[in-house]
Amino acid sequence: MPYPSNYKYTKEHEWLDVSGNIGTIGITNYAQDTLGDIVFVELPKVGDTVTGGQTFGSVESVKAVSDLYSPVSGTVTAINEELNSSPDKVNEDAHHAWMIKVELSDPSQVEKLLDAAAYEAFIAEETGH
């Protein structure tokens, strides 16, 4: 599955789609594929602050529980409530099943993230493929 070229990516396998000063965050297809069937998603509350590089929640799959890392710092403006009852939406389409939206407190952090080509190269290096 190609990685959307308009997104930015982290080495912890989160994606970020920025529109104005709002960043939408989810996990990559590689992450959901590695995790297996996702059965629970724990997210922060609207109004909480997140810090770039720090955990903001977790995903639980049939294999393991994994932390979610925020690519940027800011204030949570929305959470994807649909994931409370249907966490499998992430498995169905990881690049559209967003988790949280964040008002960026430091937009320059976006420049430090990987573009799609760099992320794909990172996965290839990590997996040896």
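Below is a short write-up of the structure. (Residues numbered from 1 in each chain as written. Predicted model: local features only at pLDDT ≥ 70, side-chain atom pairs only at ≥ 80, totals over all residues. Heavy atoms only, no water.)

## Some thoughts on the overall build of the protein
Counting secondary structure elements, the protein contains four helices and nine strands. Seen in sequence order, the protein has helices and strands lined up from the N terminus as β-β-β-α-β-β-β-β-β-α-α-β-α. Relative to the compact-globule value of 14 Å for 129 residues, the protein shows a C-alpha radius of gyration of 14 Å, a close match. Seen along its three principal axes, the alpha-carbon backbone of the protein occupies a region of about 35 × 35 × 20 Å. A buried classification covers 46% of the 129 residues belonging to the protein. A total accessible area of about 6600 Å² is found for the protein, and carbon and sulfur atoms account for 47% of it. For the protein, the distance from the average position of its 7 positive side-chain charges to the average position of its 21 negative side-chain charges is 3 Å. (Helix = DSSP H or I, 4+ residues; strand = E, 2+ residues; numbered from the N terminus. Rg over C-alpha atoms; globule rule 2.2 N^0.38 Å. Buried < 20%, exposed > 50% of the residue type's maximum accessible area, 1.4 Å probe, protein only. Areas by Shrake-Rupley, 256 points an atom, 1.4 Å probe, with all protein chains shown as cover. Lys, Arg positive; Asp, Glu negative; His and termini not counted. Charge placed at Lys NZ, Arg CZ, Asp CG, Glu CD.)

## Some thoughts on the sheet that holds strand E6 (residues 55-61)
Spatially, E4-E6-E7 is the arrangement adopted by the three strands of the open sheet, whose pairing is antiparallel. One side of each edge strand has no neighbouring strand; the edge strands of this open sheet are strand E4 (38-42) and strand E7 (65-69). If you compare each strand with its neighbour and ignore which way they point, the axes differ by 25 degrees on average. (Pairing = 2+ DSSP bridges. Axes fitted to C-alpha atoms, helices over the stretch in contact; angles between N-to-C directions.)

## Here's the deal with the environment of threonine 10
Considering the arrangement of structural elements, one finds threonine 10 in the loop between strand E1 (8-9) and strand E2 (14-19). Once the C-alpha coordinates of threonine 10 and isoleucine 123 are considered, the two residues, 113 residues apart in sequence, prove to be 11 Å apart.

## Some details on helix H4 (residues 116-127)
Over its 12 residues, H4 runs 16 Å from end to end, which matches the ideal 16 Å to within 8%, given 1.5 Å per residue. Ala116, Tyr119, Phe122 and Ile123 are the residues of H4 that are buried. The arc enclosing the buried residues of H4, seen along the axis, measures out at 120 degrees, which places them on a common side. When the buried face of H4 is taken as reference, the exposed residues oriented beyond 90 degrees from it are Ala117 and Glu125. Those residues of H4 that are buried are in contact with E1 and helix H1 (29-35). (Expected span 1.5 Å × (residues − 1). Arc of directions from axis to C-beta. Contact = heavy atoms within 4.5 Å.)

## Notes on the sheet that holds strand E5 (residues 49-50)
The strand order across the open sheet formed by six strands is E1-E2-E3-E9-E8-E5, and the pairing between neighbours is antiparallel. Either end of the sheet is taken by a strand with one partner, and the two such strands are E1 and E5. One ladder, built from two bridges, connects E5 with strand E8 (residues 74-79); its direction is antiparallel. For valine 50, the partnering residue across the bridge sits in E8 and is glycine 74.

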